[in-house]
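# Examining the three-dimensional arrangement
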Amino acid sequence: MEAELNAALAERRAQALYRARRVVAGPQAPQQVIDGRQVLSFCSNDYLGLANHPEVIAALRRGADAYGVGAGAAHLINGHSRAHHALEEELAAFTGRERALLFSTGYMANLGVITALLGKTDAVFEDRLNHASLIDAGRLCGARLRRYRHADPSSLDGLLDRHPRGRRLIVTDGVFSMDGDLAPLPALAATASARDAWLMVDDAHGLGVLGREGRGSLDHFGVGAHEAPVLMGTLGKAFGTSGAFVAGSEALIETLIQQARTYVYTTALPPALAEATRASLRLLQHGDERRERLASLIRRFRHGADQLGLHLMTSETPIQPIVMGAAARAVAVSEALLQRGILVTAIRPPTVPAGSARLRVTLSAAHSEAQVDRLLEALGEVAA
Ligand SMILES: *Cc1c(COP(=O)(O)O)cnc(C)c1O
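Residues numbered from 1 in each chain as written. Predicted model: local features only at pLDDT ≥ 70, side-chain atom pairs only at ≥ 80, totals over all residues. Heavy atoms only, no water.

## Comments concerning the overall build of the chain
Within the chain one finds 15 helices and 14 strands. A compact globule built from 384 residues should have a C-alpha radius of gyration of about 21 Å, and the chain, at 21 Å, falls within 12% of that. Summing over all exposed atoms, the chain offers an accessible surface of approximately 17,100 Å²; the carbon and sulfur share of this is 51%. (Helix = DSSP H or I, 4+ residues; strand = E, 2+ residues; numbered from the N terminus. Rg over C-alpha atoms; globule rule 2.2 N^0.38 Å. Areas by Shrake-Rupley, 256 points an atom, 1.4 Å probe, with all protein chains shown as cover.)

The following block contains the structure:
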C-alpha cells in the first residue's frame, strides 16, 4: 500500500495538483505571518473581520469562565448549554424562522439535513457547482442525485419533470463558494413551488455579507421562508467563529433533532464558542459600515483588475476569482505573488472543473484600500 500511495502522490505532484498546508502564526487578519514570513493575504472567508474582533474574543473568554472548555457530551445527552440555546433562539430570530439548530460544522449540517430528509424513494436536485459537502450529502442519502446546469432553472425543471414521485429537494449554494456568483433564488423558488418540491439554500458565503443587516442571499432577493424552507448557514465565515446552523420550521428542526445523525452522534460545540458567536451575531447585524467598506473594496478591486485586462468572473460578492485555466499556471502565478509578499491560493481541480483553475481572491472589510492597491500592482506584474 505504501508504494501505491507514494506513486499516486508523485502523480499528483506532476500534475500540479499537490496540496500542502501553510503554517499561520497569530490571528486571522490581512497581514499575517505564514511559514515564518510576513504576507498580505487575500484568501480568508473572514469577510467582516470578526474572527479577531476584541468583543468576540472577550465573549469567548467569558464563556470559558462560565462553562469551561468542552461541552462534554452531545446535545441530546447533557451537552446542550444555555449558551447554545440562546444562540439558537437568536439565529432563528435573525433569519426570521421558527427555530434554528446548531451543528458542529457546515459539512456536518449539510450531511445531517439531507440524509435526515431523504431516502431511497426520493430525489435530490443539486446545482453542478454546489459545495462538496452538499454533493457528498446527496450521494450518501440514498436518494437519486441529479445535478442541474449551473444556475439554470430550466435545466432543473427538466430533471424535476423526470422524477415526479417521492420527496423532492432542490439544493443550492446561495453564493457559489469558488465562483462568487449568486444562485437565481427567485426562479429556483418559483420552480420549487410550481413542482411541489422543497428548496434548501446553503448560505455559507451570503450571511453577513448580503441582505438587510447581513441576513444573506434570500433576504437580498426577497425570497421568504415559505419559499425556501431549509436555510443552512455556517459560522466560520463572516461570523468569524466556527460551527453551523440550520433554520426552518418547528417540524423541520424537530425532525433533525430526532434523525440527523451528524447532530445526534457528536459532541456539542464548546459553549464558549456559542457565546463568542452571540457576540459576533450582534456585530454582524450592526455591521452596515463594514458591509459598505467591503462593497467599496470589491468595486475598487474589480475596476483595477478590469484595467489590467484580467479575466474576472461575474461576481458582486467578496469572492473574486481570476480564471487562469491550467492548474500549473494558477500555481505559478500564486507562487509569483507570494514572492512579492501576497498570498492568494490557487484553486485547482477537482475543487473546480478541469481547465478552470483560478486564483480565488477574497476581500474582507478588514483590508485597506492601500492593501487592495498592492494586490492589483502585484497582479499587474505577474498575471496581466
Ligand atoms: C465552507 C462551506 C461549507 C462547510 O462549512 P464548514 O463549517 O467549514 O464545515 C458548506 N457549504 C459551503 C457553501 C461552504 O462554503
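Moving on from the coordinates now.
## Topic: the site of the ligand
For the ligand, the set of nearby residues contains 14 residues, the closest of which are G106, Y107, D202, H205 and K237. At 3.0 Å from an oxygen atom of the ligand is found a main-chain nitrogen or oxygen belonging to Y107. Separating a nitrogen atom of the ligand from a side-chain N or O atom of H131 is a distance of 3.5 Å. Contact with the protein chains hides 82% of the accessible area of the ligand, taken as 380 Å² for the molecule alone. Considered class by class, the residues forming the shell around the ligand number two nonpolar, nine polar and three charged. (Near = heavy atom within 4 Å. Polar contact = N/O pair within 3.5 Å; in protein donor to acceptor, adjacent residues only side chain to side chain. Nonpolar A, V, L, I, M, F, W, Y, C, P; charged D, E, K, R; others polar.)

## Describing the packing of aromatic side chains
In this structure the tally under the stated criterion is one aromatic pair. Arranged with centres 5.6 Å apart and planes meeting at 65°, the rings of F103 and Y263 form a pair that is edge-to-face. Of the two residues, F103 is situated in strand β4 (residues 99-103) and Y263 in helix α11 (residues 261-264); the sequence distance between them amounts to 160 residues. Both residues of the pair, F103 and Y263, count as buried. (Phe/Tyr/Trp six-rings, centres within 6.5 Å; stacked < 30°, edge-to-face > 60°. Buried < 20%, exposed > 50% of the residue type's maximum accessible area, 1.4 Å probe, protein only.)

## A short note on helix α10 (residues 250-259)
Among all positions in α10, only L252, I253, L256 and I257 are buried. Here the buried residues of α10 occupy an arc of 135° about the axis, which is enough to place them on one side. Residues of α10 that are exposed and angled more than 90 degrees away from the buried face: A251 and Q258. (Arc of directions from axis to C-beta.)

## A look at the pattern of salt bridges
Under the counting rule described, the total for this entry stands at 15 salt bridges. With a shortest N-O distance of 3.0 Å, R99 and E250 are connected by a salt bridge. In this pair, R99 is assigned in strand β4 and E250 in helix α10, connecting sequence segments 151 residues apart. On the basis of relative accessible area, E250 is assigned to the partly exposed category, the value being 39%. The residue D136 makes a salt bridge to R139 at a minimum N-O spacing of 3.6 Å. Note that D136 and R139 are positioned in helix α6 (residues 132-140) at a spacing of three residues, about one turn of the helix. Of the residues examined, D136 reaches a relative accessible area of 23% and is grouped as partly exposed. Residues joined by salt bridges that share partners form a network here, namely E90, E275 and R278. (Salt bridge = Lys/Arg side-chain N within 4 Å of Asp/Glu carboxyl O.)

## Some remarks on the nonpolar core
Within the largest apolar cluster, 61 residues are counted, with the highest numbers of intra-cluster contacts made by F42, F301, I322, L337, L359 and L379. Among the nonpolar cores identified, the runner-up in size contains 28 residues, and A109, A143, A244 and L256 belong to it. (Core = buried A, V, L, I, M, F, W, Y, C linked by side-chain atoms within 4.5 Å.)

## So, the layout of surface pockets
Counted as a void, the largest pocket has a volume near 1,000 Å³. In terms of lining residues, the largest pocket is bounded by 33 residues, among which A20, R22, T345, A346 and I347 are the most central. Contributions of two or more residues to the lining of the largest pocket are made by β2 (31-34), α14 (327-339) and β13 (346-347). Residues of the lining of the largest pocket, tallied by class, amount to 14 nonpolar, eleven polar and eight charged. The two domains that each donate at least three residues to the lining of the largest pocket are domain 1 (17-48 + 288-382) and domain 2 (54-285). In this structure, the second largest pocket encloses a volume near 360 Å³. For the second largest pocket, the lining is made up of 18 residues, of which L129, N130, A132, P350 and T351 are closest to its centre. When residues in the lining of the second largest pocket are grouped by element, the largest group, four residues, is from α6. For the lining of the second largest pocket, the class distribution of residues is eight nonpolar, four polar and six charged. Counting residues domain by domain, the lining of the second largest pocket receives three or more from each of domain 1 (17-48 + 288-382) and domain 2 (54-285). (1 Å grid on protein atoms, 1.4 Å probe; cavity = no way out; pocket = protein on both sides within 12 Å on 5 of 7 lines; lining within 4 Å. Points joined across faces, edges and corners; volume = space filled by probe spheres on them. Domains from an automatic or database assignment.)

Worth remembering: the numbers are spatial, not functional.
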